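Close look at the chain arrangement
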Amino acid sequence: MQYWKLSFIIMTLSGCWASAFGQSTLNPDISVIPRFRIDTDDGSNLPDERSFRNPRFSLEEFELALQAYLNPYARADIFIAKPGFEDEPVEIEEAYATFLRGLPLDMNIRLGKYLVEFGKLNMLHPHAWPFLSKPLSLERFMGEEGINDLGLSASFLIPTGDLYTRLTVDILQGLSIANGPGMESPDEERVSYANAARLMSFFPVDTNSDLEIGLSGLTGIHDPLAELRFHYVNLDFKYKWKPDAYTSFVLQGEGLLNRRRVSSGVEPSSEVITTSGFYVFGDYQFRKIFTLGARYDWAQSPYDKDDKASGFAIFFGFYPVEETTAFRLQYQNTLFNTPDGGSRSVNSIALQFIFSMGPHKAHPF
Amino acid sequence: MKKGFLLFLLTCVSLPLMGQAKLKIVTSMSDLAEFTRTIGGDRVEVQNLVRGSQNPHYLDVKPSYMMKLKSADAFVVIGMQLELWGQQIIDGSRNANLLVIDCSQYVHKMEVPATKLDASAGDIHPFGNPHYWLDPENIRLIFQGIFEGLVKLSPHDQEYFQSNMDAYLKRLDLKIGEWKTVMAPLKGKKIVTYHSSFSYLAERFGLQVVGYVEPKPGIPPTPTHSAELINLMRRAGVKVIGLEQYYEDNTPRQIAETTGATVVRLSTAVGGLEGTDDYIALMEYNIRSLATALK
């Protein structure tokens, strides 16, 4: 049923543009990127009977991108996603307009629903990651969908000479926080806005390598009933060395500090807890079509410093024809430490296949 | 009265300073950077994005490139979708007054697809083969595009730009004559290249490009296609494989070993190989290398 809806959307959009303008050059760029997966893990069995279950085929997500300039001053980007083959709903993953020109202070304004510029990885769609699983720190503190919210974003280039320095500030509806991991359901009568900001600088290191460093902050109400607030501070970096078209190395990491007020006991009292998480990965492209990488991540729970998880992953990428087709293979070991002192280790192996139709643009550095 | 005098003084002081302000131009390729410097002389300050050794089809969209464009007056590009990354850099620069000088508007285009395009044909450029700067006769047309752009930005320098342009083109015409003489005996000779980078050069000097190491534009070589190419080269008596400076040489060398052909490294851009420091040196290098290998 969901696919009928999706097909209807595609046909309606294509038809409208084609009949309205009668020129294919005025149609928006339409891209389709599905992600298929075969995976298995040994996490569902009892500890003394550990064995890998039969591999399972799945459609991780089907992404439809519609992108075009609206006029000389603004462009629009719409990403529609359908996870799985079952009854999972079709989602508007992102739908926003960006005003690129004509604003004072060379400001850019983004309006709509979008992945918030918080850290480096949150903005990136999963098909552009070199690995198959979300780092634990992002999964635990930002949830499955990441910080993806309705809002308004303004970005400014800070005058730092030849150095590229950008400040982005967001006012958000707070929905993605309310639907995040362990969050209370929002009271529909109340609006609990969230605010985010990121300051980033880009440093060309030498002819073949560059470094980007960013500092982000996010604050909002995570418990609308008790009006309890949280604050995230995130430091990110990305170093890329690319001496030629066939070789490159990326080293990237993010560390997140969470400070939040949580309810304590039955009384209407609260306490402040501080937890954190980080990931770091390296990805080496050793031929035009092959990459090999490894990632380590560690994260506490947003609500309990004794609830911890750490993971180690090795991933291999095969890109036979540029970015139009990609195969990725990943092994990951995740160790969960529970507050009662228990621990559980899960091994997982996954193979991902992605293909890409259409002109979905290259992701910036 | 006092105010009027001060204004007069300020104007007198600022006029020569205004005259000295250089146009800031960013170019996508090193060849265009040289052409712009040649025409603009000391009235322009030129920065370039793609190094001669890099493949211009692929460029990481870096914020540092956006910074270069932010304060630029013009961005000179090859066009015809060679710089697919260009629009993202232009948007990221937030420069509302940037003039984009698309040199492809001035040249005659080759290999323009006549049928509906899709990805089964590889990375086809929908507006035709964009490697037109490797035909030296096209430089006059590219110069015209850059000249018109610079005049738009600085009309009072028109004569200066014109005389710089004429001086260079005079020198280039002499060299084109020499290159034609060198290549005349080789007219009709068949070559194979890795990518379709040298179609314009081959057309100008009468060479025939009969095949490519890539099975389709932008698609990496496959064993099946290499076997077909080997048969084709044997049948057609092809003895030279022209290889762009940025492509791997494993497959071309294997094909050359099997067919008895020679792999000739050619440069598609100024600074792509040693001894190609300017456009005339680049063409000299390519022409001499081909002539030596084809004899």
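Residues numbered from 1 in each chain as written. Chains lettered and ligands numbered in written order. Predicted model: local features only at pLDDT ≥ 70, side-chain atom pairs only at ≥ 80, totals over all residues. Heavy atoms only, no water.

Details of the overall build of chain B
Inclusion rule: Going along the chain from the N terminus, every DSSP run of H or I of four or more residues is numbered as a helix, and every run of E of two or more is numbered as a strand. Classification of residues uses two cut-offs on accessible area relative to the type maximum, computed with a 1.4 Å probe and protein chains only: under 20% is buried, over 50% is exposed, and between them is partly exposed. Throughout, a residue-residue contact means that at least one pair of heavy atoms, one from each residue, lies within 4.5 Å. Here the accessible surface of atoms and residues is derived via Shrake-Rupley with a 1.4 Å probe, and residues count as covered only by protein chains that are part of the display.
Assigned secondary structure in chain B consists of 10 helices and 8 strands. For chain B, the spread of C-alpha atoms along the three principal axes comes to 90 × 40 × 35 Å. Buried residues in chain B amount to 53% of all 295 residues. Considering only contacts in chain B between residues 6 or more positions apart, those separated by 24 or more positions represent 63%. Total accessible area on chain B stands at roughly 13,500 Å², and carbon and sulfur atoms take up 56% of it.

Here's the deal with the overall build of chain A
Helix and strand counts for chain A come out as 3 helices and 16 strands. Within chain A, buried positions represent 45% of all 365 residues. Taking all contacts inside chain A whose residues are at least 6 apart in sequence as the whole, residues at least 24 apart take part in 54%.

Describing helix 4 (residues 86-93) of chain B
Residue and element names in this part refer to chain B. Most of helix 4 is tucked away, with 7 of its 8 residues classed as buried. Residues Gly86, Gln88, Ile89, Ile90, Asp91, Gly92 and Ser93 constitute the buried set of helix 4. In the stretch just after helix 4, arginine 94 is the one whose phi turns positive, near 60°.

Some points on the nonpolar core
Basically, it comes down to this: What makes a nonpolar core is a set of buried Ala, Val, Leu, Ile, Met, Phe, Trp, Tyr and Cys residues whose side-chain atoms join them at distances within 4.5 Å.
Among the nonpolar cores identified, the biggest contains 58 residues, and Phe35, Ile142, Ile146, Tyr168, Leu172 and Tyr279 of chain B are the most heavily contacted of them. The element that contributes the greatest number of residues to this core is helix 6 (residues 158-183) of chain B, accounting for 9 residues. Non-local contacts of isoleucine 146 of chain B, meaning those with residues more than four positions away in its chain, are made with Leu32, Phe35, Thr36, Ile39, Val76, Ile101 and Cys103 of chain B. Phe118, Ala194, Ala299 and Ala309 of chain A belong to the second-largest nonpolar core, a separate cluster that totals 28 residues.

Some details on the packing of helix 2 (residues 30-40) of chain B against helix 6 of chain B
How two helices sit against one another is set out by the angle between their axes and by the gap between those axes. Residues and elements named next belong to chain B. Threshold: In this description, a line fitted to the C-alpha atoms serves as the axis of each element, helices being fitted only across the stretch in contact, and the angle between N-to-C directions of two axes falls anywhere from 0 to 180 degrees. Oblique is the label for any angle not under 35 degrees, not over 145, and not in the 65 to 115 range, which are roughly parallel, roughly antiparallel and roughly perpendicular in turn. In this classification, the charged set is Asp, Glu, Lys and Arg, the nonpolar set is Ala, Val, Leu, Ile, Met, Phe, Trp, Tyr, Cys and Pro, and all remaining amino acids, among them Gly, are polar.
The interhelical angle for the contact between helix 2 and helix 6, taken along N-to-C directions, is 125°, at an axis separation of 7 Å. For the element pair helix 2 / helix 6, the angle class is oblique. Facing helix 2, whose interface residues are Glu34, Phe35, Thr38, Ile39 and Gly40, helix 6 presents Tyr160, Phe161, Asn164, Met165 and Tyr168. Taken together, the residues that form the contact of helix 2 with helix 6 break down as 6 nonpolar, 3 polar and 1 charged.

Considerations on the pattern of salt bridges
The cut-off we apply is this: Basic side-chain nitrogens of Lys or Arg form a salt bridge, by our definition, when they fall within 4 Å of a carboxyl oxygen of Asp or Glu.
Under the criterion given, the structure shown has 29 salt bridges over all chains. Across the pair lysine 62 of chain B and aspartate 210 of chain A runs a salt bridge whose closest N-O atoms are separated by 2.7 Å. Of the two residues, lysine 62 of chain B sits in the loop between strand 2 (44-50) and helix 3 (63-70) while aspartate 210 of chain A sits in strand 9 (residues 209-223), which places them in two different chains. Taking the relative accessible area as the measure of exposure, lysine 62 of chain B reaches 10% and is therefore buried.

Some points on the interface of chain A and chain B
Convention followed: What counts as buried area is the accessible surface, traced by a 1.4 Å probe, that two parts surrender upon association, with contributions from both included.
The partner chain B presents 25 residues to the 31 residues of chain A that form the contact. A combined buried area of about 2,400 Å² lies between chain A and chain B, and 53% of that area is made up of carbon and sulfur atoms. On the chain A side of the contact with chain B, Tyr164, Tyr246 and Glu322 of chain A bury the most area, a combined 22% of that side's loss. Counting across the chain A and chain B interface gives 4 salt bridges. Where aspartate 106 of chain A meets lysine 70 of chain B, a salt bridge forms, and the shortest distance between an N and an O atom there is 2.7 Å.

Thoughts on the environment of aspartate 307 of chain A
All names here are of chain A. Here aspartate 307 is to be found in the loop between strand 13 (290-300) and strand 14 (308-318). Placed 280 residues apart in sequence, aspartate 307 and asparagine 27 show a C-alpha to C-alpha distance of 50 Å. With near-sequence residues (within four places) excluded, aspartate 307 lies in contact with Arg140, Ala299, Gln300, Ser301, Asn337 and Pro339.

Side note on the confidence of the model for chain A
Reading predicted coordinates in detail is not appropriate for stretches of low pLDDT. Residues and elements named next belong to chain A. Definition in use: Per residue, pLDDT captures the predictor's confidence, and it can take any value from 0 to 100.
Confidence along chain A averages 87 in pLDDT terms, with 85% of residues attaining 70 or more. Within chain A, the element-level pLDDT minimum falls on helix 1 (residues 2-21), averaging 47, and the maximum on strand 5 (residues 108-115), averaging 98. Across residues 11-23, confidence stays below pLDDT 50; counting only partners more than four residues off in sequence or on other chains, it has 9 contacts.

Brief notes about the sheet that holds strand 5 (residues 190-193) of chain B
All names here are of chain B. Which entries qualify depends on this criterion: Paired strands, in this sense, are two strands between which DSSP finds at least two bridges.
The 4 strands are arranged 6-5-7-8 in an open sheet whose pairing can be described as parallel. Lying at the two open borders of the sheet, with one neighbouring strand each, are strand 6 (208-212) and strand 8 (262-266). If you compare each strand with its neighbour and ignore which way they point, the axes differ by 35° on average. Sheet strands in contact with helix 8 (residues 223-236) are strand 5, strand 6 and strand 7 (240-244), and its direction is about 155° off that of strand 6. Packed onto the sheet, helix 9 (residues 250-259) meets strand 7 and strand 8 and runs at close to 175° relative to strand 7.

Digging into the packing of aromatic side chains
Threshold: Stacked, tilted and edge-to-face are the three classes assigned to paired rings of Phe, Tyr and Trp, where Trp is represented by its six-membered ring and a pair needs centres within 6.5 Å; plane angles under 30 degrees give stacked, over 60 edge-to-face, the rest tilted. Working rule: Lys NZ or Arg CZ, within 6 Å of ring centre, within 35 degrees of ring normal, means a charge sits over the ring.
Counted by the stated rule, this structure contains 28 aromatic pairs over all chains. Between tyrosine 132 of chain B and tyrosine 200 of chain B the ring centres are 6.4 Å apart and the planes differ by 80°, which places this aromatic pair in the edge-to-face class. Taken together, the positions of tyrosine 132 of chain B in the loop between strand 4 (99-102) and helix 5 (139-153) and tyrosine 200 of chain B in helix 7 (residues 199-205) put the pair 68 residues apart, joining distant regions of the chain. With respect to class, tyrosine 132 of chain B is no different from tyrosine 200 of chain B; both count as buried. Lying across the ring of tyrosine 69 of chain A, arginine 75 of chain A places its NZ or CZ 5.1 Å from the centre. Over the ring of tyrosine 303 of chain A we find arginine 260 of chain A; its NZ or CZ atom is 4.8 Å from the centre of that ring.

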